[in-house]
Amino acid sequence: MEKVLYSTWGETRIVGVVGMRGIGKTTLAKILFVRRGSKFPSHSFLTMSKDCRPEKLRKLRRMFLKDLLKHTNQDISDETTHEYVKSELLQTKVFAVLDGVSDKNQLQFLLGNLDWIKKGSKIVITTCDKSLLEGLSHDIYVVPQLNNREALQLFSYHAFNHQICSPTGTFVSLSRMLVDNAGGNPLYLTLLGSILCGKDEAYWEEELQRARQSFNTKMREIWTFYFDQLSERQKDAFLDIVYFFKSEDEYFIRSLMDSGNSETVSEVKDLADKLLITTSGGKIEVHDQMYTLGEKLGSPGWYRLTNYKNIIEYLTKEKHQETNNVRGIFLDMSEVEKDIVLDSMTFTNLRNLRYLKIYESCCPRQCKSNCKLHFPDGFELPLEEVRYLHWVKFPLEELPPDFKPENLVDLRLPYSKIERVWEGVKDTPQLKWVDLRYSSKLRNLSALSKAENLQRLNLEGCTGLDELPTEIQNMKSLVFLNLRGCIRLWSLPKINLISLKTLILSGCTNLEEFQLISESVEFLHLDGTAIKGLPLAIQKLQRLVLLNLENCKRLERLPNCLGELKALEELIVSGCSSLQNLSEVKETMKHLQSLLIERIGAKEMPNICEGQASADVVLQPFGPSRWPRGVNGASSLRRLSLSGNDFVSLQTDIGKLYNLNWLDVKDCKMLRSIPMLPPRLQYFDAQGCDSLERVANPLAIQVFTHHIHATFNFSNCNKLDQDAKDSIVSYTRWKSQLVLNALHRYTGASILEALTGTCYPGWEVPTWFSHQASGPVLEPNLPPHWSRNRFTGIALCAVIRFSDYHEQRSRLLVKCKCQFNNGDGSRFVFTVGGWSDPGKTAWDTVPSHVFIGYASMLDVRKPSEEEDKEGCSHTKASFEFEVTDGTKVLNSCEVLKCGFNLVYASDELRVKSGLCGEANQYRAYSRKVEISNAKSETETLESRPDGRHEIVELPNKVTAMTKTASIPSEIYGIVASAAVSRELTVIAGGKLKSLGRGVMAVGRVFFLILFAAFLFSLFIAPLIFTDAKSPASW
């Protein structure tokens, strides 16, 4: 708060301090006043009164002015204004605290028009209502609630005789539960702690039960005070949120509840200003304690019905005398056990009903065929105030004629029997959302012709809809239109929806021609349609980001004008088996970030190397048995998938794709070898490459990156030779050591998931694992001091046999439960490896696989002094491996063998067991290949006008580092800057050493000259000069 007040030195600052009652606003203001206020010639701490009558406010102003002018002899009365003593006030700076402001008039009386305040003055205003500070304060400091640790400390201080200590025994859990119930309010915590101080455990448990069932008296007063400050409209809006709309979108709630369209009239904003609601992630939240008081604080005469028994009772009464006071009904049909027959007059007296929701929470897809509410004679629906109508499986063919939608904001009738919304055209000035999905009998949308403010229209699965009315042109605010699965839709009208951003026509199998209906579309889904081509007018979609043409079986050509869509980032043409000219559309590739080409039968790949290529390219089965041409220039690729292709080998210079972090070649049945891979891969998937025999050595270019996770999946590559497996393991070790070193030196972090890992077919644990065992359990004896000296992490290995296991699951995980007996009994669960995307092809898993994973384990190197006086760590450890699908253990997967190894930091990027030859090989490779690549990369990055990249070349250790400002990686930034610092230090040290040697040489010569002169003057000079003084006189 002090920083906020003094953020602008020498300037006048008016700062608001906002928070709920009891949160500590006054305490903070007093501390600040004591610390800073006395340094000002004029200072005042004024506590507000709740009485805001003019005569009381005049007395308050008199007290305020007297405080500020107490160093003068000025006579101050109730009638004295700021203008009257303006000249005196402007003589000195003031520091004033106005504590507990609750009314705008208080500020008007005390501060006037602010022209009396001398430059450099500071004024602090504490209040529970943020709206009072609008247009007045320069800044606002919102006092946060105490976090769990702070709350527990404060509670414990008052509960245990003002001792700063932690609770023990049963009081630990009781204290935490009581603190959780307090909601971080310091006043409540203080009062609660004082009440419980000195009481026994039984009394604490009784108090906990009371706290859960009802409020502490003081907290009841606090929340009642807040509620009493609200207007009737604000109270209604608040209770509507409490009962019906907790955690809903803020814009949605404001649209439903605000009484006016102007920003200046917003009950929801008022509630936020008064701290009764909060906004988190765009959602409206209410303090948990308010639910306890919700029913008791309700508006007199209003009913909000959410209990199905109460609702049925109201709806089935013969006379509805009181139902005119029902504000909302939320009926969950999953709680209704039997069918209910209602008469046509059921809703007649619910004219003031605002919110009606009839839904089924247990089945969001509404699989049950019948609705349990029956109206044999139909029903009337004269709802004049309804704003929210949500009725799943609405039973009528249209809304009744007496339905009045003037105030309707949200209309949802999914899975209904309606054929049209209502008869004729009605004014719907407030309507913003309409959801009629899976209303299979819907034929006509003309009823919505006047919905000019409609923003979202969901017609998914309306299989009876064959066309859109031209009147849809009037929907000038429509941003989202979903027509997915409208199989009878055969044409689109010639219109221009000026606000439309998302258009979904997926699965409209009868749509043969695409008609542009908006030039502002950003996301266009035409997948599964019968179109043969795209209109040239598509070049008008200059905002288009995504174009989805998947499974357009009849699509023959793409227009060359696609290259003019500068915003296009993702193009999907998977399954377009008739597409012929993909290779000709070169310009299309310039701006893409994602390209999906699956099962299209193309004979060659489009040239994507020209210009700035994509950042996320996915290339899937297209038939030829060779690598697609032109990939070598796409140096900015980040994701490349070549799954299911028939080529025999990858292009040899694929390693030039320096930014590639995802490479997928799974199910490439003819693939036999893999060349040197790019340096920044986070994920490589060769799953199911049955013919794969060889990989490069090393597997990928060795360059340090900001990524700390990397996975290399060679599952079901059953023809891999031993050299290939050795290369995979060696590169994984090198990669893991590099990351673990960085974490050890610069962050001290501990990560419980594999930083790097791999899996491949095999039966043996690699020999360099120093601890091995048969079966799933390994209990090694670790050497003394094992966790003291440069320990960075662990390497884990498991050999898994798959017995009668077929890859039909969506996930397989190899986990390890680790326990180190280092005094605190540290326990961890690591994910060693696995796979989560089996692909579309079912295959039998190779009988046995080796899984290897590396992880940071810095937390285990903290043995306490008490446990080991001589500093020797405990030597017992336990590792238990298992295979799961994420929820349960897979009994069909057996752990045959397992291994464990300690990993230590190494400046030369070598694991403790020694990889000198491998490290030299990597450095030699860097000198031979990577330096030239880094130079070309440096030229590319340095030429960028935005200056977002910076290349740092580090000799021998890391050839090149690229620091990307847009990626918030603390590890990467620290490592890069530290590496540069070390290199500069070495250079500077060398220069200083050279300079030092020169200085020392000159010094030695100078010393010899002085010594010779001394000897000359001592012995030889007296013999030469007869008048020389004797040595004794020197």
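None of these values were measured; they are calculated from a predicted model. (Residues numbered from 1 in each chain as written. Predicted model: local features only at pLDDT ≥ 70, side-chain atom pairs only at ≥ 80, totals over all residues. Heavy atoms only, no water.)

**Q** What am I meant to see in the overall build of the chain here?
**A** Of the regular secondary structure elements, the chain holds 18 helices and 40 strands. Residue burial in the chain is summarised as follows: out of 1034 residues, 50% are buried. When contacts within the chain are restricted to residue pairs at least 6 apart in sequence, long-range pairs at least 24 apart make up 59% of them. Surface accessibility of the chain: about 48100 Å² in total, with carbon and sulfur atoms responsible for 50%. (Helix = DSSP H or I, 4+ residues; strand = E, 2+ residues; numbered from the N terminus. Buried < 20%, exposed > 50% of the residue type's maximum accessible area, 1.4 Å probe, protein only. Contact = heavy atoms within 4.5 Å. Areas by Shrake-Rupley, 256 points an atom, 1.4 Å probe, with all protein chains shown as cover.)

**Q** Please clarify how the sheet that holds strand β3 (residues 94-101) should be interpreted in this entry.
**A** Two orientations exist for strands paired in a sheet by backbone hydrogen bonds: parallel and antiparallel. Taken in spatial order, the 5 strands make up an open sheet running β2-β3-β4-β1-β5, and their pairing is parallel. Because the sheet does not close on itself, it has two edges, and the strands there are β2 (42-47) and β5 (139-142). Put simply, the sheet's adjacent strands are angled 15 degrees from each other on average, direction ignored. As paired strands, β3 and strand β4 (residues 122-127) are joined by 5 bridges and run parallel to one another. Its bridge partner lying in β4, Val101 is registered against Thr127. Each of β2 and β3 is contacted by helix α3 (residues 54-68), which is oriented at about 155 degrees to β2, the strand it contacts most. (Pairing = 2+ DSSP bridges. Axes fitted to C-alpha atoms, helices over the stretch in contact; angles between N-to-C directions.)

**Q** Teacher, can you tell me more about the packing of helix α7 (residues 170-182) against helix α8 (residues 186-196) here?
**A** A pair of packed helices is captured by two measures, namely the crossing angle of their axes and the spacing between those axes. Contact geometry of α7 with α8 gives a least axis separation of 10 Å together with a crossing angle of 145 degrees. Where α7 crosses over α8, the handedness of that crossing is right-handed. When α7 is examined against α8, the residues Leu178, Val179, Asn181 and Ala182 are found in contact with a partner set consisting of Tyr188, Leu189, Leu192 and Leu196. Here the contact of α7 with α8 is built from residues that sort into 7 nonpolar, 1 polar and no charged. (Left-handed = near helix turned anticlockwise from the far one by under 90°. Nonpolar A, V, L, I, M, F, W, Y, C, P; charged D, E, K, R; others polar.)

**Q** What's the story with α8 in this structure? I'm lost.
**A** One turn of the α-helix equals 3.6 residues, which is why residues spaced by three or four share an orientation. Buried residues of α8: Pro186, Tyr188, Leu189, Leu192, Gly193 and Leu196, and no others. When α8 is viewed along its axis, its buried side chains cluster within an angular range of 160 degrees and face the same direction. Residue Gly198 follows α8 closely and has a positive phi angle near 85 degrees. (Arc of directions from axis to C-beta.)

**Q** What am I meant to see in unusual backbone geometry here?
**A** Excluding glycine, most residues fall at negative phi; most peptide bonds, likewise, are trans. A cis amide bond links Asn697 with the next residue in sequence, Pro698, at an omega value of 0 degrees. A positive phi is found at Lys393, a non-glycine position, where the angle reads about 60 degrees. Note on placement: Lys393 falls in the loop between β13 (388-391) and β14 (410-412). We note that Asn551 has phi near 60 degrees; this positive angle belongs to a residue other than glycine. Structurally, the position occupied by Asn551 is in the loop between β20 (546-548) and β21 (570-572).

**Q** Can you walk me through the packing of aromatic side chains in this structure?
**A** Both the distance between ring centres and the angle between the ring planes are used here to describe each pair of aromatic rings. According to the stated counting rule, one finds 41 aromatic pairs in the structure shown. Considering the side-chain rings of Phe245 and Tyr388, the 5.5 Å spacing of their centres and the 85 degrees angle between planes classify their relative orientation as edge-to-face. With Phe245 in the loop between α11 (232-244) and α12 (250-257) and Tyr388 in strand β13, this residue pair connects regions lying 143 residues apart in the sequence. No difference in accessibility class separates Phe245 from Tyr388, as the two residues are buried. A ring pair is formed by Phe684 and Phe714, whose centres lie 5.4 Å apart and whose planes are at 50 degrees; its orientation type is tilted. Of this pair, Phe684 sits in strand β27 (residues 683-685) while Phe714 sits in the loop between β29 (710-713) and α16 (722-746), and the two are 30 residues apart along the sequence. (Phe/Tyr/Trp six-rings, centres within 6.5 Å; stacked < 30°, edge-to-face > 60°.)

**Q** How should I be thinking about the nonpolar core in this particular structure?
**A** Looking at soluble globular proteins, one finds that nonpolar side chains tend to be buried together. Core analysis: the biggest nonpolar cluster contains 93 residues, and Leu547 and Leu549 have the highest contact counts within it. Listing elements by their share of this core, those giving two or more residues are α15 (308-316), β9 (326-332), β11 (355-359), β13 and β22 (594-597). Residues in contact with Leu547, not counting those within four places in the same chain, are Leu524, Leu526, Leu534, Ile538, Leu562, Leu568, Glu570, Leu571 and Ile572. If you look at the next biggest cluster of nonpolar residues, it comprises 72 residues, including Met48, Phe64, Leu256 and Ile277. (Core = buried A, V, L, I, M, F, W, Y, C linked by side-chain atoms within 4.5 Å.)

**Q** Where do I start with a positive patch on the surface in this structure?
**A** A surface patch of like charges, here positive, comprises Lys417, Lys441, Arg443 and Arg488. On the secondary structure map, Lys441 appears in the loop between β15 (433-435) and β16 (456-458). (Patch = residues over 30% accessible without salt bridge, like charges linked within 9 Å, V, L, I, M, F, W, Y side chains within 5 Å. Salt bridge = Lys/Arg side-chain N within 4 Å of Asp/Glu carboxyl O. Lys, Arg positive; Asp, Glu negative; His and termini not counted. Charge placed at Lys NZ, Arg CZ, Asp CG, Glu CD.)

**Q** How do you make sense of the environment of Ser649 when you look at a structure like this?
**A** Turning to its location among the elements, Ser649 is positioned in the loop between β24 (639-641) and β25 (662-664). Separated by 26 residues in the primary sequence, Ser649 and Pro675 have C-alpha atoms spaced 8.0 Å apart.

**Q** Is there a simple way to explain α3 in this structure?
**A** Between its terminal C-alpha atoms α3 stretches 21 Å, which fits the 21 Å expected from 15 residues at 1.5 Å a residue. Among the residues of α3, those classed as buried are Leu57, Leu60, Arg61, Phe64, Leu65 and Leu68. Seen end-on, α3 carries its buried residues on one side only, within an arc spanning 135 degrees. Looking at the packing, one finds that the buried side of α3 touches β2, α4 (86-89), β3 and α5 (104-111). (Expected span 1.5 Å × (residues − 1).)

**Q** What is the right way to read the side chain of Lys426 from this model?
**A** Tracing the chain through its elements places Lys426 in the loop between β14 and β15. Asp402 provides the closest opposite charge to the buried, unpaired Lys426, separated from it by 6.9 Å. Engagement of the side chain of Lys426 in a polar contact is seen with the backbone oxygen of Pro401, the distance being 3.2 Å. At 2.7 Å, the side chain of Lys426 forms a polar contact with the backbone oxygen of Phe403. (Polar contact = N/O pair within 3.5 Å; in protein donor to acceptor, adjacent residues only side chain to side chain.)

**Q** What should I look at first to understand the packing of helix α6 (residues 148-159) against α7 in this one?
**A** Between α6 and α7, the least distance of the axes is 10 Å, while the angle of their chain directions is 115 degrees. In terms of their interaxial angle, α6 and α7 are classed as roughly perpendicular. In the packing of α6 onto α7, the handedness of the crossing is right-handed. Facing α6, whose interface residues are Asn148, Ala151, Leu152 and Phe155, α7 presents Ser175, Leu178, Val179 and Asp180. Residue composition of the contact of α6 with α7, by class: 5 nonpolar, 2 polar and 1 charged. (Parallel < 35°, antiparallel > 145°, perpendicular 65-115°, else oblique.)

**Q** Help me understand the side chain of His158 in this model?
**A** Relative to the elements of secondary structure, His158 occurs in helix α6. Overall, His158 belongs to the buried group, its relative accessible area being 14%. Apart from the residues lying within four places of it in its own chain, the contact partners of His158 are Thr190, Gly193, Ser194 and Cys197.

**Q** How do you make sense of a negative patch on the surface when you look at a structure like this?
**A** On the surface, Asp200, Glu201, Glu205 and Glu206 cluster together into a negatively charged patch. Tracing the backbone shows Glu201 in helix α9 (residues 201-213).

**Q** What's the story with the pattern of salt bridges in this structure? I'm lost.
**A** Two side chains with opposite charge may pair up if their charged atoms get near one another. For the coordinates displayed, the defined rule picks out 30 salt bridges. When the shortest N-O distance is used, the salt bridge between Lys119 and Glu11 registers 3.5 Å. Of this pair, Lys119 sits in the loop between α5 and β4 while Glu11 sits in the loop between α1 (2-5) and β1 (13-18), and the two are 108 residues apart along the sequence. Lys119 sits in the exposed class, given a relative accessible area of 55%. The class of Glu11 is partly exposed, set by a relative accessible area of 32%. For Glu134, the salt bridge identified is with Lys269, shortest N-O distance 2.4 Å. Remark: Lys269 occurs in helix α13 (residues 267-273) and Glu134 occurs in the loop between β4 and β5; sequence separation between them is 135 residues.

**Q** Is there a simple way to explain the environment of Leu69 in this structure?
**A** With respect to the helices, strands and loops of the structure, Leu69 is situated in the loop between α3 and α4. Counting along the chain gives 25 residues from Leu69 to Ser44, while the straight-line C-alpha distance between them is 9.9 Å. Contact partners of Leu69, with chain neighbours within four places excluded, come to Gln74, Ile76, Val85, Glu88 and Leu89.

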